[in-house]
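# Residue-level structural notes
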Amino acid sequence: MIRFDLEPAQKYIDDAVMQDARVAAADAFSQIQKKNGKGAEWLGWRDLVASPNDALIEEITELSAAIRSDADVFIVCGIGGSYLGAKAAIDALKEPFYSDRPRIVYAGHHIGGSYLEHLIKYIDKPRSDGQKKSVYINVISKSGTTMETALAFRTIANWMTEAYGQKEAARRTICTTSAEGGKLNQLIDQYGYKKFIIPDDVGGRYSVLTPVGLLPIAVAGIDVRSLYYGAVDAYKFYEENTEDILEYAATRYALFKSGYAVDLIGTFEPNLSAVCGWMQQLLGESEGKNGKGLFPSVANYSTDLHSIGQIVQDGQRNIAETFVTVKQAQSDITVANQEGDVDGLNYLSGQSFHHVNSKAYEGTRQAHDEGKVPTLELELKNVSAESIGWFFYALELACPVNVYCLDENPFDQPGVEQYKKNMFSLLGKPS
Ligand code: PA5
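Attention here is on the structure that accompanies the text. (Residues numbered from 1 in each chain as written. Predicted model: local features only at pLDDT ≥ 70, side-chain atom pairs only at ≥ 80, totals over all residues. Heavy atoms only, no water.)

## Examining the site of the ligand
Stated precisely, the cut-off is as follows: Neighbouring residues are identified by heavy atoms, a residue being near a molecule or strand if any of them is within 4 Å of it. We define a polar contact as two N or O atoms separated by no more than 3.5 Å, with the added condition that, inside protein, one atom must be a possible hydrogen donor and the other a possible acceptor, whereas residues neighbouring each other in sequence contribute only through side-chain atom pairs. Polarity classes work like this: nonpolar for Ala, Val, Leu, Ile, Met, Phe, Trp, Tyr, Cys and Pro, charged for Asp, Glu, Lys and Arg, and polar for all others, with Gly in that last group.
Around the ligand, the structure places 13 residues, and the nearest of them are Ser 82, Ser 141, Ser 143, Thr 146 and Gln 281. At 2.6 Å from an oxygen atom of the ligand is found a side-chain nitrogen or oxygen belonging to Gln 281. Take Glu 285: an N or O atom from its side chain is 3.0 Å from an oxygen atom of the ligand. Here the shell around the ligand is built from residues that sort into 1 nonpolar, 9 polar and 3 charged.

The following block contains the structure:
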């Protein structure tokens, strides 16, 4: 389901470094399998696919069908690992200008007041037939205390109570959180909200295959069973066939050991931009500890060739680049013929956009290679629920292999606390 093309990066790595990295990656994978590495109590994301939970898929499918038949708007309220996986799958698999209901919107992923104000205005505005909009919210927070999410939820919950009354507002509110603890659980007890549980041993950025990701993805009308079983198939495959994952993780580790600082994750498929964003968070929060890790950044090509293309081609040589590509065309639209060929593009008439885009990718990879950028490629066979599920699991596995090579814990994020400490102090939070 994924083809890994790593050789154009490996030619920049010393053979001995690459060999050591392979040994480290094999050892890292065995730590994951034996559950004896750092943060081993957080390996529950593997159990999710090792023992598929069909009852959960059934429950999510039923609830999402009921919501889809009634909702105009479904608000996904969460930040970081609590929304990026859902957004990745939804952006990848929904048409960009979809018109089916409900419209999926995001909240709680920042503290921008203007965005929230406009969101409230949007849900407050009646439908074109004059009826009140039917709004549901899924608030997702494992800790149940994340300020961005809690502030947005407080605002939207108030609007919902005013709009529908307390009982109906509660019926339209679904919470995804840990089994116990956190303020969200207190609100669930107080108002009787529907609750989905995030297993204790699954961290935020590894949680897309729990209700965190699966419920919003299902409400968007995507076949979550296929997505989930794509991940289950990936689990089965990579338990037996470790080469690709180990070689990929070893290559990223060897790049770090060779002095590279940045992993620019680029795609020429606009609907995979959020998949790259999910990958960015997974890699960044897992790896970036004690002065280690490749800084993951996202490039949306070919758009960004007209912004950062120059510095990638010719700036400081500490950048590696990972292209996320798709083999199968996602559309068969072709270039039209133009009378008189005024714009000089008739040499492309009849060619598919997929073909032109593929050549733009190949030309870019070649150019960046000539500019001495080590490049990697992760090529999906196609963009389907199944392949996106497969991709999620493959990356969830490769990431901690790489982090164990760095001798760090892939499942914590101690550095994220620093901004919170400062912000709370500046806001005068009572201790
Ligand atoms: O990956 C992680 O653990 C984080 O990105 C969290 O998902 C993010 O901080 C949100 O946390 P919570 O779900 O507790 O609100």
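## Section: the environment of Lys 183
Condition: Per the convention used, a helix needs a DSSP run of H or I reaching at least four residues, while a strand needs a run of E reaching at least two, with both numbered from the N terminus. For this analysis, residues touch if any pair of their heavy atoms sits within 4.5 Å.
Positionally, Lys 183 belongs in helix H9 (residues 183-191). Considered as a pair, Lys 183 and Ser 143 are 40 residues apart in the sequence and their alpha carbons are 8.2 Å apart. Ignoring any residue separated from it by four or fewer positions in sequence, one finds Lys 183 in contact with Gly 144 and Thr 145.

## Let's talk about the sheet that holds strand S2 (residues 73-77)
By way of backbone hydrogen bonds, the strands of a sheet pair with one another, either parallel or antiparallel. So the rule is basically this: At least two DSSP bridges between two strands are required for those strands to pair. Here an axis means a line fitted to C-alpha atoms, over the contact stretch when the element is a helix, while the angle between two N-to-C directions is reported on a 0 to 180 degree scale.
Read from one edge of the open sheet, 5 strands run S3-S2-S4-S5-S6, paired in parallel fashion. Two strands close off the open sheet at either side, each with one partner strand: strand S3 (103-107) and strand S6 (194-198). Going from strand to strand, the sheet's axes swing by 20° on average, the running direction of each strand aside. Here strand S4 (residues 135-140) runs beside strand S5 (residues 173-178); their pairing, made up of 4 bridges, is parallel. If you follow Ile 137 over to S5, its bridge partner there is Thr 173.

## Examining the sheet that holds strand S10 (residues 375-380)
Taken in spatial order, the 5 strands make up an open sheet running S1-S10-S9-S7-S8, and their pairing is mixed. Each end of this open sheet is capped by a strand with a single partner; those strands are strand S1 (2-5) and strand S8 (295-300). Recorded for the sheet is a direction-independent mean angle of 20° between the axes of neighbouring strands. Taken together, the 6 bridges between strand S7 (residues 262-267) and S8 define a ladder with parallel strand orientation. By the bridge assignment, Leu 264 is partnered in S8 with Ser 297. Of the strands in this sheet, S7, S8, strand S9 (319-326) and S10 touch helix H13 (residues 273-287), which is tilted by about 175° from S8. Each of S1, S9 and S10 is contacted by helix H15 (residues 353-370), which is oriented at about 165° to S9, the strand it contacts most.

## A few points about the packing of aromatic side chains
Rule in force here: In this scheme Phe, Tyr and Trp rings, the latter by its six-membered ring, pair at centre separations within 6.5 Å, and the angle between planes marks the pair as stacked below 30 degrees, edge-to-face above 60, and tilted otherwise. For the exposure calls, accessible area comes from a 1.4 Å probe over protein chains only, and a residue counts as buried if that area is under 20% of its type's maximum, exposed if over 50%, partly exposed in between. Both a distance and an angle decide whether a charge sits over a ring: NZ of Lys or CZ of Arg must be within 6 Å of the ring centre and within 35 degrees of the ring normal.
If you walk through the whole model with that rule in mind, you get 20 aromatic pairs. Ring geometry for Phe 237 versus Tyr 238: centroids 5.2 Å apart, planes at 80°, classification edge-to-face. We classify Tyr 238 as buried; its relative accessible area is 1%. Geometrically, the ring pair formed by Tyr 301 and Phe 323 is tilted, given 6.2 Å between the ring centres and 40° between the ring planes. Of this pair, Tyr 301 sits in the loop between S8 and helix H14 (309-314) while Phe 323 sits in strand S9, placing them 22 residues apart in sequence. As far as burial versus exposure is concerned, Tyr 301 and Phe 323 are alike and both buried. Its guanidinium or amino end placed over the ring of Tyr 122, Arg 103 lies 5.1 Å from that ring's centre, counting from NZ or CZ. Residue placement shows Lys 133 over the ring face of Tyr 122; its charged tip is 4.2 Å from the ring centre.

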